[in-house]
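Geometric and topological summary
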Amino acid sequence: MTRLAFAASCVLSLALQGHTLLRPMLLTDDIAQHHVWLDAGPAGGFRGDDPWLDSAKAIQPYMTAMVFQALHLVLPTLLVGKVLALAMHALTGFLIFQIGRWLGGIRLGWLVMAFFFVSDAWIGISGGFARSFAWPLVSGFLLSVLAERRGWTAICMFLAAALYPIVFVLLCPAYGLLWLYEQMAGKVGGWREALHVSAQLRQQWPVMVAVAAGAILVLLKSHELALHPWVGPQVTLAEIQRDPLYHQGGRVPVWPPASLGDSMTWFLMPWDKILLEPVLRHAASLGSTLLVMFHVVAGILLLVALGIVFRRCRRHGFVLLALMLSAVITFEIAVVLLPRLYEPSRYLTWSLPVLAVLSVAVVLDAAFGLVTPGRVRQAGIVFVVLAIATRSTSIRGKGAEDVSEYSALYFELARTGGEELIACFPRTADFVPVLCHRSVYISNECSHGVLFTRYRKLVMERHAALVRAFYSSRQDDVRAFCADNDISWLVVEEKYYRQGMPSDVYFVPFVDHLRELLKQTPEPWLLSYARKLGKEVQPGVYLLNTAPIIDNPDRQP
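Right, let's walk through the structure included here.

**Digging into the sheet that holds strand 4 (residues 439-440)**
An order of 4-3-5-7-6 is seen for the five strands of this open sheet, with the pairing classed as mixed. Strand pairing shows two members of the sheet lacking a second neighbour, strand 4 and strand 6 (535-538), which therefore form its edges. Judged from the three bridges that link them, strand 3 (residues 421-423) and strand 5 (residues 487-493) form a sheet pairing that is parallel. Its bridge partner lying in strand 5, Ala423 is registered against Leu490. Contacts from helix 20 (residues 407-414) reach strand 3, strand 5, strand 6 and strand 7 (541-545) within the one sheet, and its direction differs from that of strand 6 by about 125°.

What follows is the structure in structure tokens.
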């Protein structure tokens, strides 16, 4: 049965994500931040002083960077993340099947696996980034503590620190709570033995070593980032509170933090694509009522499932409860210490959906158990299988997007000279380094690390300079921008000069500044120049060599 479950998990993973291997233009946008540095080097086509490549490698956890580099020895960059995501997807499906077996048997194992594969939660695995390790690490931790395999628990906790430190921070309190429960339950000798240092060392030494080593890794990485010339120490809470960059509409909207209650209800319903969207599409007028109903049901399912598991085995129930309590504790601590533990929501993202998937499966399995064996139960199982199969198509390939919209532009930019710098609108620039192996002045994806001071300074300076040049009425501003930053190519797009642009074309505070500049100068100098002298590589997209602009200061469009 174990081999069959693993084979089924691999097949389902290929069915949902395998086609991305054959489509090079189907990518996850975070590749522009997390994998692009793999192509850096003397013959890579990038500038030697590209800060985005250097910082992209620096922010990767130690072992994650090693995994990426190992895969890159045999795979091109575009396939590194896709292959890694498939492996993590299949591994998680198998691990969560085993968790189901421990909680209730083979039938529950299959149900848990099925609900995992049709949930939206696995979308976080796609792309093959550091966060792709979160689901298998949390699942491996749960399985090891359910099976009381302390050695494997220690390995999971150390790997969490080396691969994705957010999960390490999440799992440490969970294990601590489980240890407290075992002392209270008298499983290992009661409180007298709990205070016996030598006894605890004999029993807990693997986990203690893993936690100590993991903490050292996390602190070393934090210290390294604080000293990095392009990253720097983290911003302060006071800066977050007053800077619109961190508010609604900003690049990293972490203030004000979402309430725990609102966040929990969303993460306990990881089936937006197969439940909420189809229902809301046919009953839009009942949208808010249905949302509340779904979230209430999700909470009730969790409580009922915990009750069922507790009745079967108190320790198993507390394992799940410990993970939920740890998620709540780390979320609240992250809010208080913001941004020291990064974004608070991440601690719910990688814990509550796991519990949600388990909860629905546990309740459904219990319901099947109440039905007398026969046609009714068989009909119920067939109905569930058909419902899952029907809705699975709605999430196939989720987490990746088709970036072929700018194929013609990418083709032209790939033909430019190596080590030349390209300036274009941030969202357009995202995939240029990955697909063209050329350095960009600024992009939307490389603007995500603004919770660090030096990184934020560089991002804000470059965005401000780009907006000022692209929307200026004067050639001198454009010329100075190109000359001062050694920019060789400009990409100008008509859609970014239209009145009434949607708010998501840029982030706060630049979107408001951009609109104000357009009101003052409806047709900036660069747009006029591009229309008359630029090369239109695709409709509404112009490619400009900056040499004529720099060398001929009096040239008019």
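From this point, the discussion proceeds with the structure in view.
**Details of a nonpolar patch on the surface**
Among the surface-exposed residues, Leu325, Ile329, Ile333, Val336 and Leu337 lie close enough to one another that they form a single nonpolar patch of about 400 Å² accessible area. Topologically, Ile333 is positioned in helix 16 (residues 314-336).

**Looking at the packing of helix 8 (residues 150-163) against helix 9 (residues 165-185)**
Running from amino to carboxyl end, helix 8 crosses helix 9 at an angle of 145°, the nearest separation of the two axes being 6 Å. The crossing of helix 8 and helix 9 is left-handed. The residues of helix 9 that touch helix 8, namely those facing Arg150, Thr153, Met157, Ala160, Ala161 and Leu163, are Pro165, Val167, Phe168, Leu171, Cys172 and Tyr175.

**Looking at empty space enclosed by the protein**
Left-over empty space is what a probe sized like a water molecule reveals as it rolls over the atoms. According to the stated counting rule, one finds six cavities of 30 Å³ or more in the structure shown. In this model, the largest cavity occupies a volume close to 130 Å³. Thr28, Gly81, Lys82, Ser126 and Gly127 are, among the 16 residues lining the largest cavity, the residues nearest its centre. The set of elements that each furnish at least two residues to the lining of the largest cavity consists of strand 1 (26-27) and helix 5 (77-104). Considering every element that reaches the lining of the largest cavity, the biggest residue donor is helix 5, with five residues. The class makeup of the residues in the lining of the largest cavity is eight nonpolar, seven polar and one charged. Estimated volume of the second largest cavity: approximately 80 Å³. The wall of the second largest cavity is formed by 13 residues, among which Ala32, Val36, Trp52, Pro433 and Val440 lie closest to the centre.

**A few points about helix 20**
What helix 20 keeps buried is the set Leu409, Tyr410, Glu412 and Leu413. Along the long axis of helix 20, the arc covered by the buried residues comes to 165°, so they all point the same way. Close packing links the buried residues of helix 20 with strand 3, helix 21 (426-429), helix 22 (432-436), strand 5, strand 6 and strand 7.

**Here we look at the packing of helix 5 against helix 6 (residues 106-117)**
Contact pair helix 5 / helix 6: the axes reach a minimum separation of 7 Å and the direction vectors enclose 145°. In the crossing of helix 5 with helix 6, the sense of the turn from one axis to the other is right-handed. Touching His89, Thr92, Gly93, Phe94, Ile96, Phe97, Gly100, Arg101, Leu103 and Gly104 of helix 5 are Ile106, Leu108, Gly109, Trp110, Val112, Met113, Phe116 and Phe117, all from helix 6. For the contact of helix 5 with helix 6, the per-class residue count stands at eleven nonpolar, six polar and one charged.

**Looking at the packing of aromatic side chains**
Per the stated rule, a full pass over the model turns up 19 aromatic pairs. Members of the aromatic cluster, joined through ring pairs, are Phe425, Tyr441, Phe470, Tyr471, Phe481, Tyr496 and Tyr497. Residue placement shows Lys221 over the ring face of Tyr62; its charged tip is 4.5 Å from the ring centre.

**As for the environment of Thr153**
The topology assignment puts Thr153 in helix 8. Once the C-alpha coordinates of Thr153 and Pro206 are considered, the two residues, 53 residues apart in sequence, prove to be 8.4 Å apart. If we ignore the near neighbours within four places in the chain, the residues touching Thr153 are Phe141, Ser144, Val145, Tyr175 and Val207.

**Some remarks on the nonpolar core**
Judged by nonpolar contacts, the single largest core of 120 residues is most densely connected at Trp135, Phe141, Leu142 and Leu358. For this core, the element with the highest residue contribution is helix 18 (residues 352-370), accounting for twelve residues. Among all residues touching Trp135, those that are not within four sequence positions of it are Thr92, Ile96, Phe116, Ala121, Trp122, Ile125, Trp350, Pro353, Val354 and Val357. Formed by 56 residues, the second largest nonpolar core is a distinct cluster that contains Val231, Leu245, Val252 and Leu518.

**Some thoughts on the pattern of salt bridges**
Side chains that differ in sign of charge can pair as their charged atoms come close. Scanning all chains against the criterion turns up 19 salt bridges. With a closest N to O distance of 2.8 Å, Asp477 and Arg474 form a salt bridge. For Asp477, a relative accessible area of 27% gives the class partly exposed. Here Arg474 falls in the partly exposed class, since its relative accessible area comes to 42%.

**With respect to unusual backbone geometry**
Along the chain, Leu338 connects to Pro339 via a cis peptide bond; the corresponding omega equals 5°. With respect to the helices, strands and loops of the structure, Pro339 is situated in the loop between helix 16 and helix 17 (346-349). Each neighbour pair has its own omega, and for Val508 with Pro509 the value is 10°, a cis peptide bond. Relative to the helices and strands, Pro509 is located in the loop between strand 5 and helix 25 (510-520). With a phi angle near 70°, Tyr342 is a residue other than glycine that sits in the positive phi range. Along the chain, Tyr342 falls in the loop between helix 16 and helix 17. In this structure, Asp486 is a non-glycine residue whose phi angle is positive, near 55°.

**A word on the environment of His295**
One can find His295 in helix 15 (residues 287-312). On the basis of relative accessibility, which here comes to 11%, the residue His295 falls in the buried class. Expressed as a C-alpha distance, the spacing of His295 and Asp262, which sit 33 residues apart in the sequence, is 9.4 Å. Apart from residues lying up to four places away in sequence, His295 is in contact with Thr265, Trp266 and Met269.

**So, the pairing of strand 6**
Consecutive residues of a regular strand have side chains that alternate between opposite faces of the sheet. The pairing of strand 6 with strand 7 spans three bridges and is classified as antiparallel. Bridged to Glu536 within strand 7 is Tyr542. Turn length for the strand 6-strand 7 hairpin, with the two strands adjacent in sequence and antiparallel, is two residues, and the turn residue Gly540 shows positive phi of about 80°.

**Looking at the environment of Leu14**
Topologically, Leu14 is positioned in helix 1 (residues 2-17). Sequence-wise, Leu14 and His89 are 75 residues apart; in three dimensions their C-alpha atoms are separated by 9.1 Å. With residues up to four places along the chain from it excluded, the contact list for Leu14 reads His19 and Leu86.

Parameters at a glance
Residues numbered from 1 in each chain as written. Predicted model: local features only at pLDDT ≥ 70, side-chain atom pairs only at ≥ 80, totals over all residues. Heavy atoms only, no water. Pairing = 2+ DSSP bridges. Helix = DSSP H or I, 4+ residues; strand = E, 2+ residues; numbered from the N terminus. Contact = heavy atoms within 4.5 Å. Axes fitted to C-alpha atoms, helices over the stretch in contact; angles between N-to-C directions. Patch = residues over 30% accessible without salt bridge, like charges linked within 9 Å, V, L, I, M, F, W, Y side chains within 5 Å. Areas by Shrake-Rupley, 256 points an atom, 1.4 Å probe, with all protein chains shown as cover. Salt bridge = Lys/Arg side-chain N within 4 Å of Asp/Glu carboxyl O. Left-handed = near helix turned anticlockwise from the far one by under 90°. 1 Å grid on protein atoms, 1.4 Å probe; cavity = no way out; pocket = protein on both sides within 12 Å on 5 of 7 lines; lining within 4 Å. Points joined across faces, edges and corners; volume = space filled by probe spheres on them. Nonpolar A, V, L, I, M, F, W, Y, C, P; charged D, E, K, R; others polar. Buried < 20%, exposed > 50% of the residue type's maximum accessible area, 1.4 Å probe, protein only. Arc of directions from axis to C-beta. Phe/Tyr/Trp six-rings, centres within 6.5 Å; stacked < 30°, edge-to-face > 60°. Lys NZ or Arg CZ within 6 Å of the ring centre and 35° of its normal. Core = buried A, V, L, I, M, F, W, Y, C linked by side-chain atoms within 4.5 Å.

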